[in-house]
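Okay, here's what each chain looks like letter by letter:
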Amino acid sequence: MKNKVSLLIPVFNRAEWIAQTLDSILRQTHTDWECLLVDDGSTDSTRDVVLSYCERDARFRLFTRPDNRMKGPNACRNYGFEQSTGSFIYFFDSDDLLLPEALATYLSHFDSTTEAVIAPVQKISAKDGRFLSKSQIYSENLIEAYFIGTVSFYVCGPMWRRSFLEQQPELFDEELRNLDDWDFNLRMLYAQPQLQFLTTPLVQYRQHDMSLKQELSKGNPEEIASAYQARFKHLALLTAQNPAQRPLYQRHIARFYRKTLRRALIGGWPWWGYYKSLTSLLFQTHDFAIWLRVSLGAVLLLTFKKGYRLLD
């Protein structure tokens, strides 16, 4: 029980991917674990696949998100945490892969004061396993770097000590659909946990068209609204902690709006997508000159397919 790890996985229509994910857990050299999967209302054969693993190994347990909890992976993660019993918590996604030594390596780097161990995430192509990138996880100014995106843990980079998570007023924000891991990790960093950083990736993040993170680039309106909501939320939280840094945070958010606007125009999103970006940009920067430049770039791009630099 002392070194028991609870792996918490939300699942929704992942029949194509989940077996490989669960196989990677079965191959772990550290064997004192439980894997709690919380189904979010799958309509394919995901439940059948998961149940077959539960029958093979009692360490796998399948739950269903209660009807009184908001639909989405965050409610599933929070509910899974409430049902878990491990001293260490590892949030994992239903299409990722753990390397065989992952759990053992994480645990070996905890000492009596460590509250989380963070490893880089290796992003690979789901189609052919080709290496795409490795996440940067460390900075001397970690909160600022995470906020602006030069550092990223994803949901599967850290392993957390349970006692630290139990002290937090909120784990995953169940109202967010996009940037939910960004929001969660930032709020955990605000609590100033004692961290250990590893240099070698222990998890492979499989990138494919069905990944939730791809929905933003597709112009999914709910995902875009969630991304805006998360940034507004943390602008307020960070400004309350350090008012002097507000201009830095505003500049980063303004850059996000410009990139979203450019993507909307190039991708032919509905008009509301770039309208919302423009209005949010003006609201956040209070800089009419920037807003005018970006508006001009939008008109040039729509009319003449020029003006890209104005949206950088």
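Residues numbered from 1 in each chain as written. Predicted model: local features only at pLDDT ≥ 70, side-chain atom pairs only at ≥ 80, totals over all residues. Heavy atoms only, no water.

Q: Whenever I open this one, the pairing of strand β1 (residues 5-11) confuses me. Can you help?
A: As a general feature of sheets, a regular strand has side chains that alternate between the two faces. By the criterion of burial, β1 is predominantly enclosed, with 7 of the 7 residues buried. Of the two faces of β1, the one holding V5, L7, I9 and V11 and the one holding S6, L8 and P10 are both buried throughout. Here β1 pairs with strand β2 (residues 33-39) via 7 bridges, running parallel. Opposite P10, over in β2, you have V38 as the bridge partner. Between the parallel pair β1 and β2, the chain is carried across by helix α1 (residues 18-26), and the sense of this crossover is right-handed. Sheet topology places β1 next to strand β4 (residues 88-91); 4 bridges connect them, and they run parallel. If you follow V5 over to β4, its bridge partner there is F88. (Buried < 20%, exposed > 50% of the residue type's maximum accessible area, 1.4 Å probe, protein only. Helix = DSSP H or I, 4+ residues; strand = E, 2+ residues; numbered from the N terminus. Pairing = 2+ DSSP bridges. Right-handed = clockwise from strand over helix to strand, strands pointing away.)

Q: So what exactly am I meant to see when it comes to the sheet that holds strand β5 (residues 97-98) here?
A: Whether parallel or antiparallel, the strands of a sheet pair through hydrogen bonds between backbone atoms. Read across the open sheet, the 4 strands follow the order β5-β11-β7-β8; overall the sheet is mixed. Looking at which strands have only one partner, the edges of the open sheet turn out to be β5 and β8 (131-134). Bridging between β5 and strand β11 (residues 203-207) involves 2 bridges; their strand directions are antiparallel. Bridged to L98 within β11 is V203.

Q: What am I meant to see in the sheet that holds strand β6 (residues 116-118) here?
A: Read from one edge of the open sheet, 7 strands run β3-β2-β1-β4-β9-β6-β10, paired in mixed fashion. Among the strands making up the open sheet, the edge pair consists of β3 (60-64) and β10 (195-197). Neighbouring strand axes in the sheet, compared pairwise and without regard to direction, differ in orientation by 20° on average. Strand contacts of α1: β1, β2 and β3, with the helix running at about 165° to β2, the strand carrying the most contacts. This element, helix α7 (residues 180-190), spans β4, β9 (158-161) and β10 of the sheet and lies at about 45° to β9. (Axes fitted to C-alpha atoms, helices over the stretch in contact; angles between N-to-C directions. Contact = heavy atoms within 4.5 Å.)

Q: Is there a simple way to explain helix α2 (residues 46-56) in this structure?
A: All of the buried residues along α2 are T46, V49, V50, Y53 and C54. Buried residues of α2, viewed axially, fall in a sector of 145°; they line one side. Facing away from the buried surface of α2 by more than 90 degrees, the exposed residues are D48, E55 and R56. Elements in contact with the buried residues of α2: β1, α1, β2 and β3. (Arc of directions from axis to C-beta.)

Q: Is there a simple way to explain unusual backbone geometry in this structure?
A: Residues other than glycine seldom take positive phi values, yet N13 does so here, at roughly 50°. Along the chain, the position of N13 falls in the loop between β1 and α1. Owing to a relative accessible area of 25%, N13 belongs among the partly exposed residues under this scheme. Notably, Y154 is not glycine yet its phi reads approximately 60°, a positive angle. If you trace the backbone, Y154 turns up in the loop between α5 (142-148) and β9. With a relative accessible area of 14%, Y154 lands in the buried category.

Q: Even after reading the chapter, I still don't get the environment of I124, so can you show me in this structure?
A: Mapping I124 onto the fold places it in strand β7 (residues 121-125). The spatial distance from the C-alpha of I124 to the C-alpha of Q207 is 6.1 Å, given a sequence separation of 83 residues. Each residue touching I124, except ones within four places of it in the same chain, is listed here: G129, R130, F131, L132, Q204, Y205, R206 and Q207.

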